[in-house]
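Survey of secondary and tertiary structure
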Amino acid sequence: MRASDGDRDRVAAVLREHTAQGRITMDEFNERLEQLYKSRTYGELAKLTADLPDVDLRHRPKTSNEVEKKRDTHAGMKAAWGAWAMASGINWVIWLIVSMSSGGDVYPWPMWVMGPWGVILLVSTIFGNNQPKRQR
């Protein structure tokens, strides 16, 4: 079976842990890391750690991708921004049609729709928890 980038990142974290614990030297680590990123299958990945004791992957160091995912806004906030963008776009299209059909000089009223709503979303995004609430 083919290995993904995430699989390679997990094996790299395991190799870093074994290096930090002194089981392999920096030279061995660099050699294995070079082979790691050339590996395409799970079998090739398994060979890189076959001579090392198993490491509990639940307690391994977090990769940079996992840290970024944790900081990323949750789906509800993304949906709120999407709804704001859609409503703002529709309002601007309506304003443009009215403006063109009346000969111009129509007050840009869509600002009053998108402004307060956008400010509330911005404050929620910056200062909010950005984590979905857990169901009990």
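Within any chain, residue numbers begin from 1 and follow the written order of that chain's sequence. Only residues with pLDDT of at least 70 are given local features in this predicted model, and only at 80 or more are side-chain atom pairs given and counted; all residues enter the totals for whole chains, interfaces and linings. Each side-chain value is derived from all of the structure's non-hydrogen atoms; neither hydrogens nor water enter the calculation.

Some thoughts on the overall build of the chain
What counts, and what does not: Strands are runs of DSSP state E lasting at least two residues, helices are runs of H or I lasting at least four, and both sets are numbered from the N terminus onward. Here the term buried applies to any residue with accessible area under 20% of the maximum for its type, exposed to any over 50%, and partly exposed to those in between, with areas from a 1.4 Å probe on protein chains only. By the convention used here, residues are in contact when the closest approach between their heavy atoms is within 4.5 Å. For the accessible areas, the method is Shrake-Rupley and the probe is 1.4 Å, while residue cover comes only from the protein chains on display.
Helices and strands together make up the secondary structure of the chain, namely six helices and zero strands. Listing each helix as α and each strand as β along the chain from the N terminus yields α-α-α-α-α-α. Split into buried and exposed, the 136 residues of the chain put 23% on the buried side. The contacts of the chain with a sequence gap of at least 6 include a subset with a gap of at least 24, amounting to 62%. Of the accessible surface of the chain, which amounts to about 10200 Å², a share of 59% is contributed by carbon and sulfur atoms.

Things to note about the side chain of T19
Note on placement: T19 falls in helix α1 (residues 5–20). Among all residues touching T19, those that are not within four sequence positions of it are I24, M26 and F29.

Some words on the pattern of salt bridges
Where charged atoms of side chains with opposite charge meet at close range, the side chains can pair. Applicable threshold: Basic side-chain nitrogens of Lys or Arg form a salt bridge, by our definition, when they fall within 4 Å of a carboxyl oxygen of Asp or Glu.
Counted by the stated rule, this structure contains four salt bridges. Residues R8 and D5 are paired through a salt bridge, measuring 3.0 Å at the closest nitrogen-oxygen approach. Here R8 pairs with D5, and both are found in helix α1, just three residues apart, close to one helical turn. Given the relative accessible area of 12%, R8 is considered buried. The exposure class assigned to D5 is exposed, which follows from its relative accessible area of 55%. Linking E34 and K38 is a salt bridge whose minimum nitrogen-to-oxygen distance equals 3.6 Å.

Section: the nonpolar core
Short version of the rule: By nonpolar core we mean a set of buried residues, namely Ala, Val, Leu, Ile, Met, Phe, Trp, Tyr and Cys, connected to one another through side-chain atoms within 4.5 Å.
If you look at the biggest cluster of nonpolar residues, it comprises 11 residues: A3, V11, A12, L15, I24, F29, L33, L36, L45, L48 and L52. Here A3 is in contact with R8, R40, T41, Y42 and L45, once residues within four sequence places are set aside.

What to know about the packing of aromatic side chains
Just so we agree on the cut-off: Aromatic contacts are taken between Phe, Tyr and Trp rings whose centres are within 6.5 Å, Trp giving its six-membered ring; a plane angle under 30 degrees counts as stacked, one over 60 as edge-to-face, and the others as tilted.
Per the counting criterion, the structure on display carries two aromatic pairs. Each ring, one from W81 and one from W84, has its centre 5.4 Å from the other, and the planes form 85 degrees; the classification is edge-to-face. Of this pair, W81 and W84 both sit in helix α5 (residues 75–102), three residues apart, which is roughly one turn of the helix. Its relative accessible area of 18% is what places W84 among the buried residues.

From the geometry alone we can't say anything about function, so treat these as descriptive.
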